[in-house]
Amino acid sequence: MKRKGLLIATIVFFLTVNTSYFWEARLGLFAFPTFFILIGYFLTLSVLLLIQFFVALKEKFDDKQRLVLIGTMTFVLATSFLFPSGLINFATFEGDNLLIAQREGAANCMTTLKLKTNNTFTETNVCFGVTQTTGNYSFKNDTVFFGNVSLGRHEDDFFKFAVIKKRETSNSKYLGDIIRYRDHSDTTGIALWITKNELTK
């Protein structure tokens, strides 16, 4: 691969990794294969970096353009390995998390609900892909009401409200449950386990 093309491929990889926050949840079921494609991309660039290094070694490091390429590739691969979600944690700009609840289902699928200080919420489902639902919430007594919901891929509807129940024992690592209901006729609900709760303070 010519050096210019390799430099462009490296920059594209860097931008892809560092903008994953904005596009990962939109992929839905395609997020899982995309993850392996990026791993293959990373390994390919790593091999090409070694080749460039050995070529530079034969040249006694006289080619400055090659050294710039090697430096750029080393930076991109190192930061991608150390910060696989990107150098910037864009989630911090959405406000702090007041409540975090999650539950692991079958096949290691994980659902995580986060209620933030700016009265927005995100619910992320990781199960052979990533699906994220967002919206606003309001809180009264022990009940959370969801509104302005933007459904994730492959989602047909979302819960109307949820009820927070504290655990009676202090021995549990969970602070309580947040039981989500589709509507007022839903008598069963689906619970998540609360790991952080500053909402009721």
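To keep things clear, this report deals only with the structure shown in the data block. (Residues numbered from 1 in each chain as written. Predicted model: local features only at pLDDT ≥ 70, side-chain atom pairs only at ≥ 80, totals over all residues. Heavy atoms only, no water.)

**Brief notes about the overall build of the protein**
Across its full length, the protein carries four helices and eight strands. Relative to the compact-globule value of 17 Å for 201 residues, the protein shows a C-alpha radius of gyration of 22 Å, a clear excess of over 25%. Each principal axis of the C-alpha distribution contributes one length, and for the protein these read about 75 × 35 × 30 Å. Looking at the protein residue by residue over its 201 residues, the buried ones come to 34%. Summarising the internal contacts of the protein: among those between residues at least 6 apart in sequence, 42% fall at separations of at least 24. The average position of the 22 basic charges and that of the 17 acidic charges among the side chains of the protein differ by 8 Å. (Helix = DSSP H or I, 4+ residues; strand = E, 2+ residues; numbered from the N terminus. Rg over C-alpha atoms; globule rule 2.2 N^0.38 Å. Buried < 20%, exposed > 50% of the residue type's maximum accessible area, 1.4 Å probe, protein only. Contact = heavy atoms within 4.5 Å. Lys, Arg positive; Asp, Glu negative; His and termini not counted. Charge placed at Lys NZ, Arg CZ, Asp CG, Glu CD.)

**Digging into the sheet that holds strand β7 (residues 176–181)**
By way of backbone hydrogen bonds, the strands of a sheet pair with one another, either parallel or antiparallel. Ordered in space as β1-β2-β3-β4-β5-β6-β7-β8, the eight strands form a closed barrel in which the pairing is antiparallel. Averaged over neighbouring strand pairs, the angle between their axes works out to 30 degrees when direction is ignored. One ladder, built from six bridges, connects strand β6 (residues 161–166) with β7; its direction is antiparallel. Within β7, the position partnered with F161 by the bridge is Y181. (Pairing = 2+ DSSP bridges. Axes fitted to C-alpha atoms, helices over the stretch in contact; angles between N-to-C directions.)

**A few points about helix α1 (residues 3–18)**
Because each turn of an α-helix spans 3.6 residues, side chains separated by three or four positions in sequence point in the same direction. Under the 1.5 Å per step criterion, the end-to-end length of α1 is 23 Å for 16 residues, consistent within 8% with the ideal 22 Å. Buried within α1 are the following residues: L6, A9, T10, F13, V17 and N18. The buried side chains of α1 occupy one side of the element, clustering within an arc of 160 degrees when seen end-on. At its buried positions, α1 is contacted by α2 (20–23), α3 (31–58) and α4 (64–82). (Expected span 1.5 Å × (residues − 1). Arc of directions from axis to C-beta.)

**Looking at the pairing of strand β5 (residues 143–150)**
Note: strand β4 (residues 130–140) against β5, six bridges, orientation antiparallel. Residue pairing for β5: F139 is matched across the bridge by V144. Two successive antiparallel strands, β4 and β5, enclose a turn made up of two residues, where N141 displays a positive phi of approximately 55 degrees. Bridge analysis of β5 against β6 gives three bridges, and the strand direction is antiparallel. Each bridged residue has a counterpart across the sheet, and for T143 the counterpart in β6 is V163.

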